[in-house]
Structures are given as structure tokens and as C-alpha cells.
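# A look at the structure
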Amino acid sequence: MENIKILVPLDFSDLGAKALHSAEKFAKLFNGIVTPFHSYLPLNEVDGGPYMYGMGTTSMEDYDEIEDALHDRLAELANTELDPSLVNAPLISIGNPAQSIVEEGKDFDMIVMTTHGRTGFSRFFLGSVSEKVLRMSNIPVLIVNEERELANLDRIMVTTDFSDHSKEAFPLAKEIARAANAKLEVVNILAFDPQHEDEPDESKRQVREQRISVLAKELLHDIDDLVETKVIVSSDTPHEAILNYNLNNPHDLIVMSTVGRTGIDYLMMGSTTANVVRHVKSPVLSVNPKAEQS
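What you see is a predicted model; the values in this text were computed from it and never measured.

## Some words on the sheet that holds strand S7 (residues 183-191)
Strand order in the open sheet formed by ten strands is S3-S2-S1-S4-S5-S10-S9-S6-S7-S8, with mixed pairing between adjacent strands. Each of the sheet's edge strands pairs with one partner strand only, and the pair in question is strand S3 (91-94) and strand S8 (227-234). Strand-to-strand twist in this sheet, taken as the mean axis angle between neighbours without regard to direction, amounts to 25 degrees. Alignment of strand S6 (residues 155-159) against S7, held across five bridges, turns out to be parallel. Note on S7: the bridge partner recorded for Val158 is Val186. Its contacts with the sheet put helix H6 (residues 170-180) on S6, S7, strand S9 (253-257) and strand S10 (284-287), and the angle it makes with S6 is roughly 170 degrees. Taken strand by strand, helix H7 (residues 202-220) contacts S7 and S8, and its axis lies near 150 degrees from that of S8.

## Some details on a negative patch on the surface
On the surface, Asp62, Asp64, Glu65, Asp68, Asp72 and Glu76 cluster together to form a negatively charged patch. If you trace the backbone, Asp62 turns up in the loop between strand S2 (33-40) and helix H2 (63-81).

## Structural notes on the nonpolar core
Formed by 51 residues in total, the largest nonpolar core has its most connected members in Val8, Phe26, Leu142, Ile156, Ile176, Leu253 and Leu285. Those residues in contact with Leu253, other than ones at most four positions away along the chain, are Phe26, Leu142, Leu150, Leu153, Arg155, Ile156, Met157, Ile176, Pro283 and Leu285. With 28 residues, the next largest nonpolar core counts Val129, Leu134, Met157 and Ile189 among its residues.

## Concerning the packing of helix H1 (residues 16-29) against H2
Helix packing for two helices is described by the angle between their axes and how far apart those axes are. Between H1 and H2, the least distance of the axes is 10 Å, while the angle of their chain directions is 55 degrees. Our classification of the angle between H1 and H2 gives oblique. Viewed along their axes, H1 and H2 form a crossing whose handedness is right-handed. From H1, Ala17, Leu20, His21 and Glu24 reach across to H2, where they touch Leu77, Ala78 and Glu81. The residue inventory of the contact of H1 with H2, partitioned by class, reads four nonpolar, one polar and two charged.

## Topic: unusual backbone geometry
At Phe12, a position not held by glycine, the phi torsion is positive, near 70 degrees. In this fold, Phe12 is placed in the loop between strand S1 (5-9) and H1. Phe12 gets classed as buried once you look at its relative accessible area, which sits at 9%. For Asn31, which is not a glycine, the phi torsion comes out positive at approximately 50 degrees. Looking at where Asn31 falls in the secondary structure, it is placed in the loop between H1 and S2.

## Things to note about the pattern of salt bridges
Counting across every chain of the model gives eight salt bridges. Between Lys167 and Asp164 there is a salt bridge, and its shortest N-O distance comes to 3.9 Å. With Lys167 and Asp164 both in helix H5 (residues 164-167), this residue pair falls three residues apart, about one helical turn. Among the residues examined, Lys167 registers a relative accessible area of 24% and is labelled partly exposed. Residue class for Asp164 comes out exposed when judged on its relative accessible area of 58%. A salt bridge links Asp222 to Lys174; its shortest N-O distance comes to 3.5 Å. Of the two residues, Asp222 is situated in the loop between H7 and S8 and Lys174 in helix H6; the sequence distance between them amounts to 48 residues. A residue is classified by how much of its surface remains accessible, and Asp222, at 38% relative accessible area, is partly exposed.

## Thoughts on H2
With 19 residues, H2 ought to run about 27 Å at 1.5 Å a step, and its terminal C-alpha atoms sit 27 Å apart, in line with that. Those residues of H2 that fall on the buried side of the exposure criterion are Ile66, Ala69, Leu70, Leu74, Ala75 and Ala78. Each element contacted by the buried residues of H2 is listed here: H1, S2 and S3.

About the criteria used
- Residues numbered from 1 in each chain as written.
- Predicted model: local features only at pLDDT ≥ 70, side-chain atom pairs only at ≥ 80, totals over all residues.
- Heavy atoms only, no water.
- Pairing = 2+ DSSP bridges.
- Helix = DSSP H or I, 4+ residues; strand = E, 2+ residues; numbered from the N terminus.
- Axes fitted to C-alpha atoms, helices over the stretch in contact; angles between N-to-C directions.
- Contact = heavy atoms within 4.5 Å.
- Patch = residues over 30% accessible without salt bridge, like charges linked within 9 Å, V, L, I, M, F, W, Y side chains within 5 Å.
- Areas by Shrake-Rupley, 256 points an atom, 1.4 Å probe, with all protein chains shown as cover.
- Salt bridge = Lys/Arg side-chain N within 4 Å of Asp/Glu carboxyl O.
- Lys, Arg positive; Asp, Glu negative; His and termini not counted.
- Charge placed at Lys NZ, Arg CZ, Asp CG, Glu CD.
- Core = buried A, V, L, I, M, F, W, Y, C linked by side-chain atoms within 4.5 Å.
- Buried < 20%, exposed > 50% of the residue type's maximum accessible area, 1.4 Å probe, protein only.
- Parallel < 35°, antiparallel > 145°, perpendicular 65-115°, else oblique.
- Left-handed = near helix turned anticlockwise from the far one by under 90°.
- Nonpolar A, V, L, I, M, F, W, Y, C, P; charged D, E, K, R; others polar.
- Expected span 1.5 Å × (residues − 1).

Interpretation note: all reported values are geometric properties and have no functional meaning in isolation.
Spelled out as C-alpha cells, the structure:
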């Protein structure tokens with residue numbers, strides 16, 4: 001990821017600083033550049049529009065003037081929060097925010113965005129937009145919010161259900177761990193139904209521990225000194241198990257694939273990733289293998 005190009009969608013809410021600061025962490029780690037981005041809808045499609053940002057109504061009589069004003073606001077915000085040497089020229093787009101972010105993101109290496117903003121026009125930057133971007137983006141998406149700005153990179157979690165799709169998150173997690181010299185914990189959830197068994201057979205745990213150890217040696221052998229493995233036995237749903245473990249053992253970053261295989265014995269990544277993004281306290285970096293293949 002050397003010379004990484006990072007797209008940061010902004011809605012001019014206070015949370016924008018969290019996304020910019022988190023993007024800056026990766027830009028410094030991988031000698032990258034940060035591009036602020038804003039997508040808006042025509043005034044006849046949304047109440048308030050850009051005027052709600054205090055830009056006035058008398059001089060905004062065409063889209064060129066609107067975009068010039070938005071461009072200036074983005075540049076001012078980014079250069080205030082970041083080292084200007086890390087900031088690229090802002091980009092403006094007209095259209096549905098989620099679709100615009102995904103389309104613009106095709107020319108970048110990573111998207112960094114928040115899960116929600118303020119009311120009014122920025123309702124389009126609520127969780128639904130970030131979840132749509134998670135599903136559709138063909139590049140990694142880092143989700144942060146007020147409680148989980150990316151500040152340090154000392155301890156990283158990468159999740160797996162042993163499917164090929166879940167393994168797609170490993171190269172990125174490895175690259176970040178190596179660049180930051182961070183501990184990388186490989187986590188698998190061994191779920192069981194308490195209505196049918198008090199605890200899963202010990203042999204099941206042993207098999208999982210062997211599998212995750214082999215997987216780590218196969219995919220992460222060149223950073224072996226940074227890698228730890230963990231099988232979590234839980235009667236909770238996969239995302240609840242991850243959430244509870246993360247609350248008691250905070251991670252600076254969680255890396256997940258958005259697609260996995262189903263079944264109670266496996267970590268169901270599609271729904272799990274969205275739920276982890278909603279509730280976990282750590283920043284979440286998602287990789288969408290289906291989008292990459294398409």
C-alpha cells in the first residue's frame with residue numbers, strides 16, 4: 001500500500017475531523033495522500049442543500065458556484081485538520097452519496113468515512129450509507145466515529161471463518177501490522193447452541209485451534225513474531241462474541257471481510273461485519289472480496 005490514495009467523504013459535520021485524522025494515520029504510515037470528497041443532490045431534491053452550511057442563497061444561482069463554495073469548504077476543513085502536504089485537491093460530485101462514494105473510490109486505495117453525521121442534508125451520511133458502501137465498494141473501507149477514531153496501531157484483530165472470502169482480509173491486515181509493527185490477533189468464533197449443549201466438545205475447540213494455527217502459518221508466516229491466534233467459544237451471535245471480546249480486550253483496529261459462509265459453526269461475515277461496525281468501539285476496516293472479483 002505504499003503511496004496509498006485515500007478518499008474521505010465529508011458532510012461538514014464535526015465527525016469529519018475523526019475521518020480526516022484516521023486517514024492521516026494511514027497516509028503517514030504508507031506515504032500517502034488524502035482527498036476530501038463531498039456528494040450533494042440538486043436543490044430540488046433535498047431541503048436545505050448546500051445553503052444549510054451557511055453559504056447564503058443570493059450568489060448560488062448555478063452549480064459551478066455551488067461547487068466552488070463546496071470545494072473551498074472542503075479544502076479549508078482538510079488543511080485545518082491535516083498537514084497540508086498530505087492533502088490532495090477536493091472532489092465534488094452530484095448524486096446519491098453511497099453510489100457516488102463507491103464510483104469515485106474506484107480510483108483510490110481506501111475509503112475512510114464516519115457512520116453518521118448531523119440531521120438535514122447529512123442524513124444521507126447515516127449508517128445506511130456506510131453500510132451500502134461496505135457492500136458495494138471494491139476497495140477497503142475504514143469506518144470510524146466519535147468513539148473510535150484511529151489513533152494508534154499497536155494491536156489489530158483480523159477475523160476468519162476459514163472460508164476463502166474471509167482470507168481476503170489477511171494480506172491487508174498483514175501489511176498494516178508489518179508497517180506499524182503491531183500485534184496481529186487472528187480470531188475465530190466457535191459458536192454453539194446452549195439449548196442443545198452446555199459447551200461444545202473439547203475436540204471441536206482443539207480442531208479449531210489447530211486450523212487457525214495452520215492458517216496463520218500459511219498466510220502470515222513472514223510476520224510470525226507479531227501474530228497471535230484466538231478461538232472464542234461462545235453461545236452469542238458472532239458479532240456479539242466479537243463485541244464482547246473487543247470490549248474486554250480493546251483493539252486499535254479490526255480488519256474483516258464482508259463476505260463469509262453461513263452456518264452456526266461459522267462466522268457469518270456478511271451480517272456480522274455490519275453489526276460489528278454498528279456496535280464495536282474500535283475502528284473497522286472492511287474488505288469486500290466479491291466486489292474485488294467483480
